[in-house]
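Here is what each chain is made of, one letter per residue.
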Amino acid sequence: MDSFWSALLEALHLVITLDSDLLEIIGLSMQVTITAVSIACLIGLPIGAAVAAFRFPGRTFLAVLLNAMMGLPPVVVGLLVYLTLSASGPLGPLGLLYTPTAMIIAQTVLVTPIVAALTRQVIEDLNTEYAEQFASMGVRAADRLAALLWDGRYALMTVALAGFGRAIAEVGAVIIVGGNINHVTRVMTTTIALETSKGNLQLALALGFILLVIAFAVNAAVMALRASAVRTAYA
Amino acid sequence: MRDLSPETEGSMSTAPHLAHSPPILTVQDLTFSAQKTVLLNAVSLNIREGSRTLIMGPNGAGKSLLLRLMHGLIKPDAGTITWKGRANASEARRFQSMVFQRPVLLRRSVFANLSFALGVHGLRGKLKADKIRAALHDAGLAHLETRPARVLSGGQQQRLSLVRALATDPEILFLDEPTANLDPASTSAIEQLIMKASARGVTIVLVTHDQGQAKRLGEDLVFLQDGEVAETGPAQTILTAPQSEPVKAWVDGRIYLGSKAGY
Amino acid sequence: MIKTALRALATLLLAGQLHSAASADDQDFIVVQSTTSTQNSGLFDHILPKFQEATGIEVRVVAVGTGQAIRNAVNGDGDVLFVHSKSSEEKFVADGFGVSRSNVMYNDFVIVGPAEDPANLEDADTAADALRKIESAKAPFASRGDDSGTHKAELRLWQAAGVDPTGASGTWYRETGSGMGATLNTGTAMGAYVLTDRATWTAFGNKGGHKIVFQGDPELFNQYGIILVNQEVHPHVKSGHGQRFIDWILSSAGQAAIADFEIDGQQLFFPNATGGAS
């Protein structure tokens, strides 16, 4: 327990002194993860909603596939993205390997199925409620999708949060495609992995605390927003 | 529509001026089964343009199902539905509205709920906003404009869904027991809105269990029993002097056990 | 609300774009595929700023095991390879992926173990002897098991000792399949002997009750080599900048920078570039 408390103290010290390397790493973590989750939402929300709201051939297969892909091991995603972005891979000429963009791509691949699968579950209930009314009003497919997503927006925030949680905590994929290069692609999780491998367990744990606090703050903010929406029956 | 005099509550006559009005919607030999149970069997009826037609019958008679089939929400197994003399194409729904027993309102403000419905019909901008404000004003809901729709009382919610159904200027309005869950004051408010719409010429098709409401609103009546039309004709006649056994039982408040019962 | 969200997203994407655009336009960096020992010990933090100051070229280090570093370089995902497994490096050059190989520096491997030294390695005369003592005592030994330079050196030493430990895998011989640091963390936790390079061990922060129990056999010599990735195989390789880095590290300035890197007053790497290219 001693090392636990000293790790907590070290975390406090790092935060209070506004360690510039730490700020850079946190900044990059947030930039990569928020961008990846945003893109994952742009792709995953409509896909999930479409699977929930429309009948089409292969719908069940797609739903099962999305659920299965939620469990994709990050290392596998990292390898796939590495092989794609490697100089010898199909997208090698873009020169994206070992850049934050590569990390965003990997996390997007990782998070999109999560967003889509959870969106399907959220929208399915809402669609059951709205389907007959929308059919009566003659709402077009695209408008139905938009209305379901908009009316489910507060519930869907939890979906985005789940994606955020997965992405911000993920190390296996970003360390492969980012390379954990100092001042270029080093983020919270790869730093924790590096410090652990250097045997600096206290520093690693301290960084872990900071990561936890960030995740907690993001979750608390979204939950507060949702709670206020529930009071107005918008959620 | 035409020389329809303004109706008042309790008006009972089957409007003689409608006797010659053509059917706006015709149902011919409509049959629908689910899980091998026949829910509607060879149902035929006419809905006269501008009329107020009641669909009545005991629970499980197939009233709500018939309403959904007429509105095109469900496809029949057999039979035809004709809209103004033509096979009921999907565009016909553009001229129809429906109010469900439990109002389905979007998780938005009162204004936004109407805005969505009118947007579906292609209205935009100031034209749309003006129309929404006028509709809310007519229904006495203007002060609730910015309120989240789902925090309204049950009666207000149903009034809003009726206002929404009428805002798109339908030619026919289907209502599925719209006042089943409401208190007398809210019921009265809904009935007034229905009568106002009727006075503007909107054809009304109403499923109800409420005999008082049937007497207040009914012109034509279709009585369903076990998925078949038991009796059809002017509402007042049927309700005061029923001819068929099922309707007699229903008016007396008995459960009709069917022709086979007791044997 | 949607507009705000979209605007925020656009800003983020734009920020990401600017970032990568800057990296693409600014060609003044090279990627060096290297090993965890050079990174974890802090050597790069010590020498790279000096190189950048001298040339303006930024060096981006991807630190993985030697085996993975070589595979990444084979794929063309780096301009320079800086690792420690001479035979693999020579094969890399012979296969045409590298231009030529030069000795840069050396340090040595040591065997660390529990302070009480249950297999009595401190009495061993040679590395082979030490490993045989571990085997006969069935004392736990944590192996990298990851095809890294250190792992390859370890397998060479077992072979010299006439012992095939892989048969005992899962019993006293434990393959972690991880990097040096993770293997040391595992080794100290389970009281196992570990073969490690001296630099990583010296800089390692979680030594627990472990200490160096065997060192000094010439067989434990650990040579680092540097190779420019072949532009003829991978045209995008920044040959010019890569060669400048190699030239610098082999120069007296680079060699001096390596020599004066110390932890706790102890020199960790010994430059020996005078041996020239091989």
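Chain B goes by Tungstate transport system ATP-binding protein in an unreviewed UniProt entry, where it is assigned to Roseibium denhamense. Under the UniProt heading Sequence similarities (unreviewed entry), the entry covering chain B gives this text: "Belongs to the ABC transporter superfamily."

Chain A goes by Tungstate transport system permease protein in an unreviewed UniProt entry, where it is assigned to Roseibium denhamense. Under the heading Subcellular location (unreviewed entry), UniProt records this for chain A: "Cell membrane".

1. Digging into the overall build of chain B
For chain B, the count of helices and strands is eight helices and 10 strands. Sequence-distant contacts in chain B: of pairs separated by 6 or more residues, those separated by 24 or more amount to 68%. As displayed, chain B offers around 11900 Å² of accessible surface, 53% of which is attributable to carbon and sulfur atoms.

2. A look at the interface of chain B and chain A
At the interface, 22 residues of chain B touch 21 residues of chain A. Among the salt bridges present, the one from E129 of chain A reaches R107 of chain B, with a minimum N-O distance of 3.1 Å. On inspection of chain B and its partner chain A, the count reaches nine residue pairs in polar contact (both at pLDDT 80 or more). Looking at the side of chain B that touches chain A, the elements with two or more residues in it are α1 (63-71), β6 (96-99) and α2 (110-120) of chain B. Class assignment for the residues of the side of chain B that touches chain A results in 11 nonpolar, five polar and six charged.

3. Observations regarding the nonpolar core
I123, F134 and I210 of chain A together with F116 of chain B are the most contacted members of the largest nonpolar core, which totals 48 residues. Listing elements by their share of this core, those giving two or more residues are α1 (2-16), α2 (20-53), α5 (100-137), α6 (141-151), α7 (153-168), α9 (188-197) and α10 (201-231) of chain A together with α2 of chain B. Considering every element that reaches this core, the biggest residue donor is α2 of chain A, with 12 residues. In this structure, V99, A139, L144 and A197 of chain B belong to the second largest nonpolar core, which totals 42 residues.

4. Side note on empty space enclosed by the protein
The full count for this structure, using the stated rule, is four cavities of 30 Å³ or more. Approximately 110 Å³ is the volume found for the largest cavity. Lining the largest cavity are 13 residues, with M137 of chain A together with S97, R164, A165 and T168 of chain B positioned closest to its centre. Sorting the residues of the lining of the largest cavity by element identifies α5 of chain A together with β6 and α4 (154-167) of chain B as the ones contributing at least two each. Residue classes in the lining of the largest cavity are distributed as four nonpolar, seven polar and two charged. Taken as a whole, the second largest cavity encloses approximately 60 Å³ of empty space. As for the second largest cavity, its lining consists of S29, V32, T33, Q107, A167, I168, E170, V174, V187, M188 and T189 of chain A.

5. Brief notes about the sheet that holds strand β2 (residues 37-48) of chain B
All names here are of chain B. Strand order in the open sheet formed by four strands is β2-β1-β4-β5, and the pairing between neighbours is antiparallel. Both edges of this open sheet fall to β2 and β5 (86-87), since each of them pairs with a single strand only. Bridge count for strand β1 (residues 23-34) against β2 is eight bridges, and the pairing is antiparallel. Within the sheet, the bridge partner assigned to F32 lies in β2 and is L40. Sheet contacts for α1: β1, β2 and β4 (78-83); angle to β2, the most-contacted strand, approximately 60°.

6. Here's the deal with the environment of Q243 of chain B
All names here are of chain B. Relative to the helices and strands, Q243 resides in the loop between α7 (235-240) and α8 (245-252). Judged by relative accessible area, Q243 falls into the exposed class, the value being 60%. Placed 36 residues apart in sequence, Q243 and V207 show a C-alpha to C-alpha distance of 21 Å. When residues no more than four places from it in sequence are discounted, the contact partners of Q243 are E231 and K248. Side-chain polar atoms of Q243 contact the backbone oxygen of A241, separated by 3.0 Å.

7. So, the pairing of β4 of chain B
All names here are of chain B. As paired strands, β1 and β4 are joined by five bridges and run antiparallel to one another. Its bridge partner being in β4, L25 is matched across the sheet by W83. Bridging between β4 and β5 involves two bridges; their strand directions are antiparallel. Residue W83 lies in a different strand from β5, and its bridge partner there is R86. Remark: two residues form the turn of the hairpin made by β4 and β5, two consecutive strands paired antiparallel; K84 in that turn has positive phi of roughly 50°.

The rules behind these values
Residue positions are given per chain, counted from 1 along the sequence in the order it is written. By the order in which they are written, chains take letters starting at A while ligands take numbers starting at 1. Selection of residues for local features in this predicted model requires a pLDDT of at least 70, selection of side-chain atom pairs for listing and counting requires 80 or more, and totals for whole chains, interfaces and linings are taken over all residues. Hydrogens are left out, water is left out, and the side-chain values use all remaining heavy atoms of the structure. UniProt positions are given in the numbering used here, feature names are shortened, and annotations may be inferred rather than shown by experiment. Each helix is a run of H or I in the DSSP string that is no shorter than four residues. Each strand is a run of E no shorter than two, and both are numbered from the N terminus. Residue contacts are defined here by distance: any two heavy atoms, one from each residue, within 4.5 Å place the two residues in contact. Here the open area of atoms and residues is found with the Shrake-Rupley method and a 1.4 Å probe, where only the protein chains shown may cover a residue. Basic side-chain nitrogens of Lys or Arg form a salt bridge, by our definition, when they fall within 4 Å of a carboxyl oxygen of Asp or Glu. Residues adjacent in sequence count toward polar contacts only when both atoms are side-chain atoms; beyond that, a polar contact is any pair of N or O atoms within 3.5 Å, and within protein one must be able to donate a hydrogen and the other to accept it. In this classification, Asp, Glu, Lys and Arg are treated as charged, Ala, Val, Leu, Ile, Met, Phe, Trp, Tyr, Cys and Pro as nonpolar, and every other residue, Gly included, as polar. By nonpolar core is meant a set of buried Ala, Val, Leu, Ile, Met, Phe, Trp, Tyr and Cys residues that side-chain atoms within 4.5 Å join together. Here the term buried applies to any residue with accessible area under 20% of the maximum for its type, exposed to any over 50%, and partly exposed to those in between, with areas from a 1.4 Å probe on protein chains only. Definitions used throughout: a 1 Å grid over protein atoms alone; a cavity as a set of points that fits a 1.4 Å probe which cannot get out; a pocket as an open set with protein on both sides within 12 Å along at least five of seven lines; a lining residue as one with an atom within 4 Å of a point. Grid points are joined across faces, edges and corners, and a volume is the space filled by probe spheres set on the points. By definition, two strands form a pair when at least two bridges between them are found by DSSP. Between N-to-C directions, angles cover 0 to 180 degrees, with each direction set by a line fitted to C-alpha atoms, over the stretch in contact for helices.

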